[in-house]
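Architecture and fold: a report
Next come the chains, spelled out residue by residue.
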Amino acid sequence: MESPPCYSAEQTNRARVLLLAKDYMLHGTTQDSCDVGPDFRMEEIMKDFLAKRDKGQLLIQRNRRLKENLLRPMQLSVSEDGYIHYGDKVMLVSPDHPETEADLFLPGDLSLCMTPDEIKAHLSNELEVPCGLSAAQTKIPVGRNTFTILCAAGEVIGQVLRYGQNFRLGITGGFDDRMLYLSSDHRTLLKSSKRSWLQEVFLTHEDSYLNCWQAAFLHPQLRLEYEGSPVPANTKILITHCHTNRGLVAHRHLSLRTYFGQEAEVAAHTYLDSHRVEKPKNHWMLVTGAPRKDLSTMLDLPKPPAEDTRALEQVREQVSDPGARSTPDARGCVPQCTLPM
């Protein structure tokens, strides 16, 4: 004959709590048959549980509210002139590019997202400060990836943002009474990014010079000429931190386990190739909303069909091989272009 299974004291108390909860839901009080002992005040525990449930203070209720705010759908600003303005709501997107330095990486367009700590997110219904950041494979504007272009030195809301001009990036996270700013500072032994150990990027509620950023033109040889020009929307640019002069970067090959799944690390560091040009991992786009109601961002717009590029290929061949145009044929004649009469 088999011996009965042995249960620990914790398992026994848990079973008693479930039985008591069932009786309380059915009859409004505990039954005499449920003897839980004089030292185990189960009825008081159930009353406290029901009181917290009615006030919305249960852990699962607070956790659900935080997730609903972070994933709340947001409306991006629509640019009428094709430029970015102060006060616009945009998404910061790292364009898709082939990663040659690692075999495993997150492909596609990655959007900059606020990422609260996984443990703290389960214990609170508010955003922690400072709050972490990551890059996620999502192109839908929600509370955790919609940023607002804010003034840094007395600019007017609605004014065009220009290259070399300071600006701040604020995010509410879906909350109506909270604004956090994208910030960074020099790395230390106690403060750096989690995976790469480079300069950390975080969100804070403090308004300081650490919140200031600048947009730079992509090509370094034309960067000085474009200084002071309007920043176009949905175009690749560089975003540089003013205090440390480090570029915002998305590390696609360094994944983080976040509250929303596997996402890529975001840090502040400038990567240069052999020609002293910023690598594609430093490229970003300020994505605006689409004018069509059935689309959420400009990234969702269908691309126009490709035109006939044979003439362009011929020009490229002539540029790459200048002697091809003056090469004589078999009769010793140089081919000439004949124009139609």
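Each value, and the rule that gives it
- Residues numbered from 1 in each chain as written.
- Predicted model: local features only at pLDDT ≥ 70, side-chain atom pairs only at ≥ 80, totals over all residues.
- Heavy atoms only, no water.
- Buried < 20%, exposed > 50% of the residue type's maximum accessible area, 1.4 Å probe, protein only.
- Helix = DSSP H or I, 4+ residues; strand = E, 2+ residues; numbered from the N terminus.
- Pairing = 2+ DSSP bridges.
- Contact = heavy atoms within 4.5 Å.

Looking at an unreviewed UniProt entry, one finds the protein chain named Cilia and flagella associated protein 161, with Bos indicus x Bos taurus as its source organism.

This next bit is on the pairing of strand S10 (residues 248-258). The element S10 is extensively covered by neighbouring structure, given that 8 of its 11 residues are classed as buried. Direction of pairing for S10 relative to strand S11 (residues 261-268): antiparallel, over a ladder of 8 bridges. The partner of Leu248 across the bridge, within S11, is Ala268. Between the end of S10 and the start of S11, which pair antiparallel, lie 2 residues.

Within the secondary structure, Pro232 sits in the loop between strand S8 (213-216) and strand S9 (236-241). Along the chain, Pro232 and Tyr163 lie 69 residues apart, while their C-alpha atoms are 9.6 Å from each other. Excluding its chain neighbours within four sequence positions, the residues that come into contact with Pro232 are Gly82, Tyr83, Ile84 and Tyr163.

A separate point is the pairing of strand S12 (residues 283-287). Of all 5 residues in S12, 5 are buried, a share of seventy percent or more. On S12, burial covers both faces: His283, Met285 and Val287 on one face and Trp284 and Leu286 on the other are all buried. In this sheet, S12 lies alongside strand S1 (residues 89-94) in antiparallel orientation, the contact comprising 3 bridges. Looking across to S12, one finds that Met91 is bridged to Val287. Note: S9 against S12, 3 bridges, orientation antiparallel. When the sheet's bridge partners are listed, Leu238 is paired in S12 with His283.

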